[in-house]
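Chain by chain, the residues run as shown.
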Amino acid sequence: MSFISRGFQRRQAPVAPSDRLPPGQYVTRDFPVLSAGPTPRIGLDEWRLELIGEVDRPRSWSWQEFTALPAEEITDDIHCVTKWSKLDTAWTGVPIDALLDGVETSAAFVVAHSYGGYTTNLPLDDLAGGKAWVAYRYDGEPLEPEHGGPARLLVPHLYFWKSAKWLRALELRADDAPGFWEGYGYHNYGDPWREQRYSGD
Amino acid sequence: MARAAILRRLTWAIAELVDRTDETPRVRSLTLDVPDWPGHLPGQHLDVRLTAEDGYQAQRSYSIARPVDGNRVTITVEHLDDGEVSPYLTDVLEVGDRMELRGPIGGYFVWEPDRGGPLLLVAGGSGVAPLMAMLRERLRARNNVPVRMLLSWRSGEDVIYADELNAIARDATGVEITHTFTRSAPDGWTGRTGRLEREALAALAWTPSERPLAYVCGPTGLVEAVASALVELGHDPARVLTERFGPTGG
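Conventions adopted
- Residues numbered from 1 in each chain as written.
- Chains lettered and ligands numbered in written order.
- Predicted model: local features only at pLDDT ≥ 70, side-chain atom pairs only at ≥ 80, totals over all residues.
- Helix = DSSP H or I, 4+ residues; strand = E, 2+ residues; numbered from the N terminus.
- Contact = placed C-beta atoms within 7 Å.
- Nonpolar A, V, L, I, M, F, W, Y, C, P; charged D, E, K, R; others polar.
- Pairing = 2+ DSSP bridges.
- Expected span 1.5 Å × (residues − 1).
- Buried ≥ 20, exposed ≤ 12 C-beta atoms within 10 Å, placed from the backbone.

Engineer: Would you mind showing me how to read the environment of Thr173 of chain B here?
Structural biologist: As for its position among the elements, Thr173 of chain B is in the loop between helix H3 (162-171) and strand S9 (175-184). Between the C-alpha atoms of Thr173 of chain B and Ile75 of chain B, which are 98 residues apart in sequence, the distance is 26 Å.

Engineer: How should I be thinking about the interface of chain B and chain A in this particular structure?
Structural biologist: Much of the literature gives interface size as the accessible area that the parts lose upon coming together. Taken together, the 43 residues of chain B in the interface contact 35 residues of chain A. Elements with a contribution of two residues or more to the side of chain B that touches chain A: strand S3 (45-51), strand S4 (57-63), helix H1 (86-92), strand S6 (98-105), helix H5 (220-232) and strand S12 (240-244) of chain B. Looking at the side of chain B that touches chain A element by element, the count peaks at six residues for H5 of chain B. A breakdown of the residues in the side of chain B that touches chain A according to their chemical character gives 20 nonpolar, 12 polar and 11 charged.

Engineer: I tried to follow the sheet that holds strand S7 (residues 119-124) of chain B on my own but got confused; where do I start?
Structural biologist: Adjacent strands of a sheet form backbone hydrogen bonds with each other and so pair up, either parallel or antiparallel. Residues and elements named next belong to chain B. Taken in spatial order, the six strands of this open sheet run S10-S9-S8-S7-S11-S12, and their pairing is parallel. Looking at the sheet topology across the chains shown, the edges are occupied by strand S10 (192-193) and S12. In the sheet, strand S11 (residues 213-218) pairs with S12 via five bridges, with the strands oriented parallel. Directly across from Val216, in S12, lies its bridge partner Thr242.

Engineer: How should H5 of chain B be read in this particular structure?
Structural biologist: Given 3.6 residues per helical turn, the α-helix brings residues three or four places apart onto the same face. Residue and element names in this part refer to chain B. Taking 1.5 Å per residue as the helical rise, H5 with its 13 residues ought to reach 18 Å, and the 18 Å between its terminal C-alpha atoms agrees with that figure. Every buried residue of H5 is listed here: Thr220, Leu222, Val223, Glu224, Val226, Ala227, Ala229 and Leu230. Tucked into the core, H5 has its buried residues touching S7, strand S8 (147-155), helix H4 (198-204), S11 and S12. Directly beyond the C-terminal end of H5, a positive phi value near 110 degrees is found at Gly234.

Have a look at this one:
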């Protein structure tokens, strides 16, 4: 039972049905930016995406090779641990399943590595099976650097810090290893529907 | 960057408001007594949770504006007209009222004296709050790390901590504070106006060879512009730490 705050009440009519808004979240129409340092600027001719770690052989894609892979249009809600949610965001991206096609691995975990040094960790099962993409267009336009361009991870079913911006490599691992925010006390898994914001939630 | 792994469970505490200070017409500092507060580092934040009688809940994050002081924590809250939590905190909550919070949160955008410097503290508007915790800690600890603080305000009436900042600028050794006004400067102002752009940072920030440790906090536009300009000027991106702080919640 939570403590009732004297005189506090809802100010706005709900803008989302309750099955669209996880606990503790509110809807924003902006697209807030969250990152821990300067926005890295990566030229498309030097950009590469790598698949490394516990794999039969490493894979690597140039921008041209990556954007030639079959892409999907994704419309889904995103939820940031800082409490905002944005509904019906529209992306274009390559499903992780396409990157994993033909890859032999015994890995159960993934660490996503970004240009600029950011990392985040996820179970491999959360990236496979049509649940995650490497997105490179937003609202029909090339993804802007401050939102993670040239390409970012998109894992809408977890808090958005798991959707690493400026993606550089996916490292497949047998063991789990905490990423950047996970090492600072944020939840290791980050399911918004179970409100897993911080370690122990 | 050293990591302070804070892996204990964060539980909700019921805090009591013990002081409320007007900073500007739109901004108030709230000091709360939090039973069993575990302490915090300058730059960390906390989460507030409000519950209405019908069970409706809202949560928001606020930076802590002062160094650790027993069970006392101070946050600085800007009233947002279309906000739901900030108007309650600035206008409804009275001394003696209680509310839920938990923290401290975040271990990256923090400064302690052993992190060294020189320090470059850049803020827009209420983004000054976590930087004020760092500056107050630098003074409280009688630390001698040189500090340059660059503060961007819309107008003269928006300056938060104005008297304290003026006293620090006048009395403290090794602390330089520069204000700039982007919409309207106070009457008689002869100092800087306009946004903190590359030219201003080249003139006012440390040089890259002095390897400042930079903390940048404010609305996304300011943070993006300042962090990008610092990198373009040759500062090490790994020593430019950013935190977004604004009406959009990010």
